[in-house]
Number of protein chains: 2
Amino acid sequence: MGAVSTVGDRVERTPKQDRSRATRQRLLEAAVACLAEHGWAGSTVSVVAERAGVSRGAAQHHFPTREDLFTAAVEYVAEERSTALRALFPQGTTADRRTVVAALVDLYTGPLFRAALHLWVAASNEDQLRPNVTELEARVGRETHRIAVELLGADESMPGVRETVQGLLDMARGLGLANLLTDDAGRRERVVAQWAVLLDDALG
Amino acid sequence: MGAVSTVGDRVERTPKQDRSRATRQRLLEAAVACLAEHGWAGSTVSVVAERAGVSRGAAQHHFPTREDLFTAAVEYVAEERSTALRALFPQGTTADRRTVVAALVDLYTGPLFRAALHLWVAASNEDQLRPNVTELEARVGRETHRIAVELLGADESMPGVRETVQGLLDMARGLGLANLLTDDAGRRERVVAQWAVLLDDALG
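Not measured: the values here are computed from a predicted model. (Residues numbered from 1 in each chain as written. Chains lettered and ligands numbered in written order. Predicted model: local features only at pLDDT ≥ 70, side-chain atom pairs only at ≥ 80, totals over all residues. Heavy atoms only, no water.)

Asker: Could you clarify how one ought to interpret the environment of Thr 164 of chain A in this entry?
Answerer: Note that Thr 164 of chain A resides in helix α8 (residues 161-178). The exposure class assigned to Thr 164 of chain A is buried, which follows from its relative accessible area of 2%. Residues Thr 164 of chain A and Leu 199 of chain A, spaced 35 residues apart in sequence, show a C-alpha to C-alpha distance of 7.6 Å. Apart from the residues within four sequence positions on either side, Thr 164 of chain A is in contact with Leu 199, Ala 202 and Leu 203 of chain A together with Gln 194, Trp 195 and Leu 198 of chain B. A polar side-chain atom of Thr 164 of chain A sits 2.8 Å from the main-chain carbonyl oxygen of Gly 160 of chain A. (Helix = DSSP H or I, 4+ residues; strand = E, 2+ residues; numbered from the N terminus. Buried < 20%, exposed > 50% of the residue type's maximum accessible area, 1.4 Å probe, protein only. Contact = heavy atoms within 4.5 Å. Polar contact = N/O pair within 3.5 Å; in protein donor to acceptor, adjacent residues only side chain to side chain.)

Asker: What am I meant to see in the pattern of salt bridges here?
Answerer: A side chain with one charge may pair with a side chain of the opposite charge, provided their charged atoms come close. All names here are of chain A. Under the defined criterion, the tally for this structure stands at 24 salt bridges over all chains. Ionic pairing is found between Arg 173 and Asp 170, a salt bridge with its closest N-O pair at 2.7 Å. Here Asp 170 and Arg 173 lie together in helix α8, a separation of three residues that amounts to about one turn. Exposure remark for Arg 173: the relative accessible area of 11% places this residue in the buried category. Residue class for Asp 170 comes out buried when judged on its relative accessible area of 0%. Within this structure, Arg 86, Glu 143, Arg 146 and Glu 150 form a network of salt bridges that share partners. (Salt bridge = Lys/Arg side-chain N within 4 Å of Asp/Glu carboxyl O.)

Asker: Would you mind going over the environment of Thr 164 of chain B with me for this structure?
Answerer: Between the alpha carbons of Thr 164 of chain B and Leu 198 of chain B there is a distance of 9.9 Å; along the sequence they are 34 residues apart. If we ignore the near neighbours within four places in the chain, the residues touching Thr 164 of chain B are Gln 194, Trp 195 and Leu 198 of chain A together with Leu 199, Ala 202 and Leu 203 of chain B.

Asker: Looking at this structure, I do not really get the packing of helix α6 (residues 111-125) of chain A against α8 of chain A. What am I missing?
Answerer: When two helices pack together, you describe them by how their axes are tilted relative to each other and by the distance separating the axes. Residues and elements named next belong to chain A. Packing of α6 against α8 leaves a shortest axis separation of 11 Å and a crossing angle of 95°. Here α6 lies roughly perpendicular to α8, going by the angle between them. Where α6 abuts α8, its residues Phe 113, Leu 117 and Trp 120 lie against Arg 173, Gly 176 and Leu 177. Along the lines of polarity and charge, the residues of the contact of α6 with α8 split into four nonpolar, one polar and one charged. (Axes fitted to C-alpha atoms, helices over the stretch in contact; angles between N-to-C directions. Parallel < 35°, antiparallel > 145°, perpendicular 65-115°, else oblique. Nonpolar A, V, L, I, M, F, W, Y, C, P; charged D, E, K, R; others polar.)

Asker: So what exactly am I meant to see when it comes to the relation of the copies chain B and chain A here?
Answerer: Rotating chain B by 180° and moving it 0.0 Å along the rotation axis overlays it on chain A with an RMSD of 0.1 Å. On this basis, the relationship between the two copies can be described by a two-fold rotation axis. Mapped onto chain A, 98% of the interface residues of chain B again fall at the interface, so both copies present the same surface. (Least-squares fit on C-alpha atoms with pLDDT ≥ 70 in both.)

Shown next as structure tokens:
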């Protein structure tokens, strides 16, 4: 484990490791913000390093290539979001399905979705980026599906339930896309309210 | 009407006008293909002109700016698609809703959707492009909604029906996005089959 020693549940880190971890995190957050605001063409390691207040050399120490930085960034933020989503509905609490549907749809609006969208579109034209982004997207998609099934209390052993939940997440992705150029919040709220009712009927 | 004379329902054009029309159409089709394959950054008027076998000067005669060319291109193809969709289900014929849902979802896969997606994402970061693309998107969206309501035989005077149809089109858009990096046809077919059932129940 190198300089990391585990004492019970606690992981002790040296101040140097803490700084390195903090630097990495600042870079990841800056990368997502940059991608959401400027798109792939405007997002280079230099631009991100400057935004994060980190030297270009330090940035390249953490992420040797631009591809490494941006796929790691989108993955990091997606994981943060999954954790936050689970925390919203701790096990044992019950939430009505409309609230859960609204929280799931919220995952697809805002800077993370914008950043991920820029990454997908860039990957669709860039061979260097595509394999990593495709794999990342599959992983994030599976995790989101798992959380959705759990929070909705859906029984996937019933015929059609799996596809019902998948369609809901597809709808959420489409709503995110509809929000890209204009603020679509009002319409989205009405669509979510209606489909939460249909979904509630479908899931029984 | 200038050199165009209308004889009954027929519009007569000079050979020169026919050539100009054909050139314009070739440019629009080349622009969509180019956008779908290379994205916004790789799509210039020169690249499109070359692909269409048209001189750069002739291209600029039809479309003074890059923005003009690409918004016109996406609009042109969207209109062609709407026409083709209506032609699939001529008035008086009846199609079951699953077939209609599948045909609607098909609008969001393939080169037109890819081209439109590149245009949306570019517009989200480029002030010059945004107003035209936003307006185009609103127009295409309204037209698609109108066709969907008609083909599904949906009664929008009933509460919730409008939002049910909107959610379906949001799902279709999300399915298009899911198809960007990988061939998602198998999963999409199962989701469409299930959501067609939910929709059929909801629309009564």
